[in-house]
Amino acid sequence: MNDASNIRQLTSLRFFAAFWVVLFHYWPKLDFDGAIPLFVQKGYLGVELFFVLSGFILCHVYRTSLEEGRFRYGSFLWNRLARVYPLHLATLVGMIVLALAATAAGFGIDPNILNWESLPANLLLMQAWGLAPQAAFNHPSWSISAEWFAYLTFPLFAWGALALKNRPLIAVGLAVGFLAGLYALFQALAGFPLTQATIQWGALRIVPCFAYGCALHALWRARPSQNRGLALAGAAISALAAIGFAAIAAPDAVIVTTLGALIFFLARMAQTGTETFGNKPLVYLGEISYSVYMVCVPWKIVFVNGATKVFQLSDERLPLGLWLVFLVGVVPLAAASYHLIEKPARTRMKLWADSWEARRPSAAGA
């Protein structure tokens, strides 16, 4: 059985999910008179891709310990917190400093960025639970709050997948049906798509995707295959279908379902030993994808405002060359935040946990 580190294709996929979201945020700043491509307009679904991936990978890492009764909920939550919280806190503080400095220098900023009433929810990773009055500070962190909700309830998702582990096709069918049904119901009741919800319904937004990822893992594990050609063909067809559906603005439920198929076949490629899409540069980009996602909005604020002043732009829209610098620049910035903040802080938090664990037996003996 492969461990999580061996599904290199899924690590690589994370970068493309993050970059899709970046394109969604950055394209409106391009000085271009044509319509925004439909594929770019669907870039918010990069978050859904992250959510499905999260369910799949967490089941991959923790399912065996759950089955054998070795799963430790506290350790699981600490490891997940070590993964997401340090960079979340750093970007939150960074946005506060940035907004205060901009205000002092006379720059105009969105007043919601410094909505202090939203600070407690942001610090507790509960801003996507309907507990924050405004989308304040580093707005993309709403999805980390949604992830935290999924982490807290992960045993429920995993046990549901385990209950149907011998009927994985039924699990996948139920997950897809739940996803499509919830999307339709939410649209009818709320008047807007669940896939465009953030701080008010973000915790609900992750639920169908996370469940879908858990179900896909059950199918992947229950029916292993060594057919490399089928895995590669399935991944290629799923990728082309997802791009095609996004390019024609197909319903979000269709696109998300297809993205799930892409995850399944990429994982199948790893299962068969196929190295395609798992080379070191792509894997590295996948490793820094969380940083890409978390720094993209602070970078947008700094770069666009700075370029507007320096080049005396009238409407904050950047010429193509400058926009490409803006777009590509998020990658080295993310690499820096990964190596300076995200990775060392995660390592430190895990060392703390190991230290506490090492003291346990002696404390119990005393």
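Preceding this section is the structure that the text describes.
In this convention, every chain numbers its residues from 1, walking through the sequence in written order. This being a predicted model, a pLDDT of at least 70 is required before a residue's local features are given, and a value of 80 or more before pairs of side-chain atoms are given or counted; all residues contribute to the totals for chains, interfaces and linings. Values reported for side chains reflect all heavy atoms of the structure, with hydrogen atoms and water molecules removed beforehand.

Q: Got a minute to help me understand the overall build of the protein in this structure?
A: The way it works is that DSSP assigns letters per residue, a run of H or I at least four long becomes a helix, a run of E at least two long becomes a strand, and they are numbered from the N terminus. Helix and strand content of the protein: 15 helices and zero strands. Only the C-alpha atoms count toward the radius of gyration. The rule for a globule is 2.2 Å times the residue count to the power 0.38. Rg of the C-alpha trace for the protein: 21 Å, near the compact-globule value of 21 Å for 366 residues, within the 12% margin. Each of the three principal axes of the protein carries a C-alpha extent, and together these read 60 × 60 × 45 Å. Relative accessible area decides the class of each residue, using a 1.4 Å probe on protein chains only: under 20% of the type maximum gives buried, over 50% gives exposed, and in between gives partly exposed. Residue burial in the protein is summarised as follows: out of 366 residues, 49% are buried. A contact between two residues is defined here by any heavy atoms of the two lying within 4.5 Å. Taking all contacts inside the protein whose residues are at least 6 apart in sequence as the whole, residues at least 24 apart take part in 78%. For the protein, the exposed surface amounts to about 16,700 Å²; the carbon and sulfur share of it is 67%. On the protein, the mean spot of the 26 positive side-chain charges and the mean spot of the 17 negative ones are 9 Å from each other. Computed by Shrake-Rupley with a 1.4 Å probe, the accessible areas treat only the displayed protein chains as cover when residues are assessed. Positive charge is attributed to Lys and Arg, negative charge to Asp and Glu, and no charge count is given to His or to the chain ends. Lys charges are placed at NZ, Arg charges at CZ, Asp charges at CG and Glu charges at CD.

Q: Can you walk me through the environment of Phe 15 in this structure?
A: Looking at the element boundaries, Phe 15 is found in helix H1 (residues 8-26). Of the residues examined, Phe 15 reaches a relative accessible area of 9% and is grouped as buried. With near-sequence residues (within four places) excluded, Phe 15 lies in contact with Leu 285, Gly 286, Ser 289, Val 292 and Val 331.

Q: Help me out: how do you make sense of the packing of aromatic side chains in this one?
A: For any pair of aromatic rings, geometry is given as the distance between the ring centres together with the angle between the planes. Here a pair means two rings of Phe, Tyr or Trp (six-membered ring of Trp) with centres within 6.5 Å. Their orientation is stacked below 30 degrees between planes, edge-to-face above 60, and tilted elsewhere. For the structure shown, the criterion picks out 29 aromatic pairs. Centroid distance Phe 15 to Phe 16: 5.8 Å. Interplanar angle 75°. Geometry classified as edge-to-face. An aromatic cluster of three or more residues is present, and its members are Tyr 62, Phe 71, Phe 76, Trp 148, Tyr 151, Phe 154, Phe 157 and Phe 210. Directly above the ring of Tyr 151 sits Arg 80, whose terminal nitrogen or CZ lies 5.0 Å from the centroid. As a reminder, the over-ring test applies to NZ of lysine and CZ of arginine, requiring each to be within 6 Å of the ring centre and within 35 degrees of the ring normal.

Q: It is not clear to me how the side chain of Glu 342 should be interpreted in this structure. Could you clarify?
A: For Glu 342, the position within the fold is in helix H15 (residues 320-365). You can call Glu 342 buried: its relative accessible area is 1%. Under the rule applied, a polar contact is a pair of N or O atoms within 3.5 Å (in protein, one hydrogen donor and one hydrogen acceptor; residues adjacent in sequence only if both atoms are side-chain atoms). Polar side-chain contacts of Glu 342 include one of 2.7 Å to the side chain of Ser 291. Here Arg 346 takes part through its side chain, which lies 2.9 Å from a polar atom of the side chain of Glu 342. Non-local contacts of Glu 342, meaning those with residues more than four positions away in its chain, are made with Arg 83, Leu 87, Glu 287, Tyr 290, Ser 291 and Ser 337.

Q: Is there a simple way to think about a nonpolar patch on the surface in this case?
A: Together, Leu 89, Val 93, Val 97, Leu 123 and Leu 124 make up a nonpolar patch on the protein surface, roughly 410 Å² of accessible area in all. Looking at the nonpolar patch element by element, the count peaks at three residues for helix H4 (residues 73-104). Of note, Leu 89 is situated in helix H4. Patches here: salt-bridge-free residues with over 30% relative accessible area, like charges joined within 9 Å, nonpolar side chains (Val, Leu, Ile, Met, Phe, Trp, Tyr) joined within 5 Å. Here, a salt bridge means any Lys or Arg side-chain nitrogen found within 4 Å of an Asp or Glu carboxyl oxygen.

Q: Could you clarify how one ought to interpret the pattern of salt bridges in this entry?
A: Where charged atoms from two side chains of opposite charge come close, those side chains can pair. Throughout the structure, instances matching the rule amount to ten salt bridges. With a shortest N-O distance of 3.1 Å, Glu 316 and Lys 29 are connected by a salt bridge. Here Glu 316 is found in the loop between helix H14 (289-310) and H15, whereas its partner Lys 29 is found in the loop between H1 and helix H2 (38-41), with 287 residues between them in sequence. The structure contains a network of salt bridges with shared partners spanning Arg 63, Glu 67, Lys 165 and Arg 221.

Q: Can you help me understand the layout of surface pockets in this one?
A: If you roll a probe as big as a water molecule over the atoms, it shows you where there is empty space left. A volume near 990 Å³ is recorded for the largest pocket. Around the largest pocket, the lining comprises 32 residues; the ones closest to its centre are Thr 11, Arg 14, Ile 57, Arg 80 and Arg 83. Here the lining of the largest pocket takes nine residues from helix H3 (residues 45-67), the largest share from any one element. Definitions used for this entry: grid spacing 1 Å over protein atoms alone; cavity, a set of points where a 1.4 Å probe fits but cannot get out; pocket, an open set with protein on both sides within 12 Å along at least 5 of 7 lines; lining residue, one with an atom within 4 Å of a point. Grid points are joined across faces, edges and corners, and a volume is the space filled by probe spheres set on the points. Roughly 520 Å³ of volume is contained in the second largest pocket. Contributing to the lining of the second largest pocket are 24 residues, with Ile 109, Asp 110, Ile 113, Ile 301 and Asn 305 lying nearest its centre. In terms of residue count, H14 provides more of the lining of the second largest pocket than any other element does, seven residues in total. Ten residues, namely Ala, Val, Leu, Ile, Met, Phe, Trp, Tyr, Cys and Pro, are considered nonpolar, four, namely Asp, Glu, Lys and Arg, are considered charged, and the remaining ones, Gly among them, are considered polar. Broken down by class, the residue content of the lining of the second largest pocket amounts to 14 nonpolar, six polar and four charged.

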